[in-house]
Amino acid sequence: MIRRVVSASTIGTALEWYDFMLYGTAAALVFNKVFFPAGDPLAATLASLGTFAVGFFARPIGGLLFGHLGDRYGRRFVLVVTLTVMALSSTAIGLIPDYRSIGVAAPVILVLLRVTQGLGAGAEYAGGALMAAEHAPPGRRGLFAAIPPTGNALGVILATLVFTPFTWLPQDAFLSWGWRVPFLVSILILPIGLYIRSRVDETPAFTETVKAGNRSNAPVLEVLREAPGSLLKGFLLSVGPNVATYIPSVYALSYVTDNVGLAAAVATGGLLVANTIKLVTLPLSGALSDRFGRKPVFVAGAVLCAVAAFPFFWLLDTGNVILVWLAMVVVLTFANDLMLGSQASMLPEQFPTRVRFTGVAASRELAAAVAGGTLPFIAAFLTARTQGTWAISALMVVMCAIAIAGALGVRDGRSVPFTDSGEGADDGTAPALRHTAPADRGL
């Protein structure tokens, strides 16, 4: 069953993040030319990246909504719903007429569909990692929880493989219909994802919670009341993976084309290389966190991201394809995966079963809204205003320091059982679940 759960979580996450990351690529390369009036190129780029950010502001809302449903009705139910929401939204984006056809209605519809995407994505990471973590055998939670996030990489690889050939079309053809095809493919992928996710069992931890009658009636209120410290620390540490993800995977796409003058295929090719390596580095990071602890692995990734913040843009500025790809791999793969792989089990270990989905989704997705969705927009603005990249590099360093502070504040929960009969105790003999989140004792 654990193999089936991990496979279903990973493949389902890949299909869902194909939709979400496809938008990021198109926002950097297409939407500023298709959905906004011609004129100031910087204004159009900022507006396009702004629509990318809108989806992130919807993610905390989706995290709270679907987190509530996941803690009340089960993890599997939520993952089926979110997959459907994402696929239908992406398909609809591929059908929106351009600005010349319907004027301001085009970006308005785009924003509404991006919000819908964000609602679905707000529960995807938490749900996938949680399914694997709550099914994982003792001592291997870090490894198994880190495998579903490789679905993010698979989704980016799939989006890149589908999207890149269309960038080779003549620009008129690419901007008129070529970019739409990858979005329309989403409707073909949906039945596959639904079939895969319908075949997995609910997690033992949630099943035991239901049998014991310990489900929370109001998970959002309960986690705010009983585990505010866990939420805050989870939010802070989640800033790091967002920095190491969206600067190289979104902003770098527009930077190397608009500022360095490279072809779009160079940037998307770098994403393909970096995300292919992720298929190894993410599970490896989870396994290392089982061996050495969650915090040391996470902090190592945050430090590497901070150290690489300035060299990252120096390498991009060379215009050398190999060095551009190296920059992406160092930040997006090595630095990010040390954080992301250990975070996958670290966050669930801070919350009891009855509010775990809500706690993980809320802390992570709020950070995604504040740090992830806004970063490409902020980076484009700072680069234009400072005539360089030093300001955004400095901001990356500060945000990595914030993530380190959050990670150092959490406890190492490797030995904490994920069941109501043993939560909060290392030996599995504790009585029924207490309402106080284990991570907040002594706060």
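The chain is annotated in an unreviewed UniProt entry as Putative proline/betaine transporter of Nonomuraea terrae. In its Subcellular location (unreviewed entry) section, UniProt records this for the chain: "Cell membrane". According to the UniProt record, the Function (unreviewed entry) comment for the chain reads "May be a proton symporter involved in the uptake of osmolytes such as proline and glycine betaine."

**Q** Explain the packing of helix H16 (residues 294-317) against helix H20 (residues 390-409) to me, and be specific about the residues and the numbers.
**A** Packing of H16 against H20 brings their axes to within 8 Å, and their N-to-C directions diverge by 175 degrees. Of the possible angle classes, the one that applies to H16 and H20 is roughly antiparallel. In this structure, H16 uses Lys 295, Phe 298, Val 299, Ala 302, Val 303, Cys 305, Ala 306, Ala 309, Phe 310 and Phe 313 to contact H20, whose residues at the interface are Trp 390, Ile 392, Ser 393, Ala 394, Met 396, Val 397, Cys 400, Ala 403, Ile 404, Ala 407 and Leu 408. Its residues assigned to classes, the contact of H16 with H20 comprises 19 nonpolar, one polar and one charged.

**Q** So what's going on with the nonpolar core? Which residues, and what values?
**A** Counting 105 residues, the largest nonpolar core has Val 30, Phe 31, Phe 35, Trp 179, Cys 305, Phe 313 and Leu 316 as the members making the most contacts within it. Per element, the largest residue contribution to this core is 14 residues, and it comes from helix H14 (residues 228-258). When sequence neighbours within four positions are dropped, the list of residues in contact with Phe 35 reads Ile 96, Pro 97, Asp 98, Tyr 99, Ala 106, Pro 107, Leu 110 and Trp 179. With nine residues, the next largest nonpolar core counts Ala 129, Ala 145, Leu 282 and Phe 418 among its residues.

**Q** Requested: an account of helix H15 (residues 264-292), with residues and values cited.
**A** Each full turn of the α-helix corresponds to 3.6 residues, which orients residues three or four apart in the same direction. With 29 residues, H15 should cover 42 Å at 1.5 Å per step; its first-to-last C-alpha distance of 40 Å lies within 8% of that length. Bending of H15 peaks at approximately 40 degrees at the position of Lys 278. Positive backbone phi, approximately 105 degrees, marks Gly 293, located one or two places after H15.

**Q** Tell me about the packing of helix H1 (residues 2-29) against helix H8 (residues 150-167), and name the residues and values.
**A** Running from amino to carboxyl end, H1 crosses H8 at an angle of 50 degrees, the nearest separation of the two axes being 6 Å. Classified by the interaxial angle, the pair formed by H1 and H8 is oblique. Judged by the twist between their axes, the crossing of H1 over H8 is right-handed. Where H1 approaches H8, its residues Thr 10, Thr 13, Ala 14, Trp 17, Tyr 18, Met 21, Leu 22, Thr 25, Ala 26 and Leu 29 are matched on the opposing element by Thr 150, Gly 151, Asn 152, Leu 154, Gly 155, Val 156, Leu 158, Ala 159, Val 162 and Phe 163. Partitioned by chemical class, the residues of the contact of H1 with H8 number 13 nonpolar, seven polar and no charged.

**Q** Tell me what's going on with helix H11 (residues 186-197), and back it up with residues and numbers.
**A** Its twelve residues place the ends of H11 16 Å apart at the C-alpha level, agreeing with the 16 Å of an ideal helix rising 1.5 Å per residue. Of the surrounding secondary structure, the elements contacted by the buried residues of H11 are H1, helix H4 (75-93), helix H6 (105-135), H8 and helix H10 (180-184).

Calculation criteria
- Residues numbered from 1 in each chain as written.
- Predicted model: local features only at pLDDT ≥ 70, side-chain atom pairs only at ≥ 80, totals over all residues.
- Heavy atoms only, no water.
- UniProt positions renumbered as here; feature names shortened; annotations may be inferred.
- Axes fitted to C-alpha atoms, helices over the stretch in contact; angles between N-to-C directions.
- Helix = DSSP H or I, 4+ residues; strand = E, 2+ residues; numbered from the N terminus.
- Parallel < 35°, antiparallel > 145°, perpendicular 65-115°, else oblique.
- Contact = heavy atoms within 4.5 Å.
- Nonpolar A, V, L, I, M, F, W, Y, C, P; charged D, E, K, R; others polar.
- Core = buried A, V, L, I, M, F, W, Y, C linked by side-chain atoms within 4.5 Å.
- Buried < 20%, exposed > 50% of the residue type's maximum accessible area, 1.4 Å probe, protein only.
- Expected span 1.5 Å × (residues − 1).
- Bend = angle between axes of the 7 residues up to and from the residue.
- Left-handed = near helix turned anticlockwise from the far one by under 90°.

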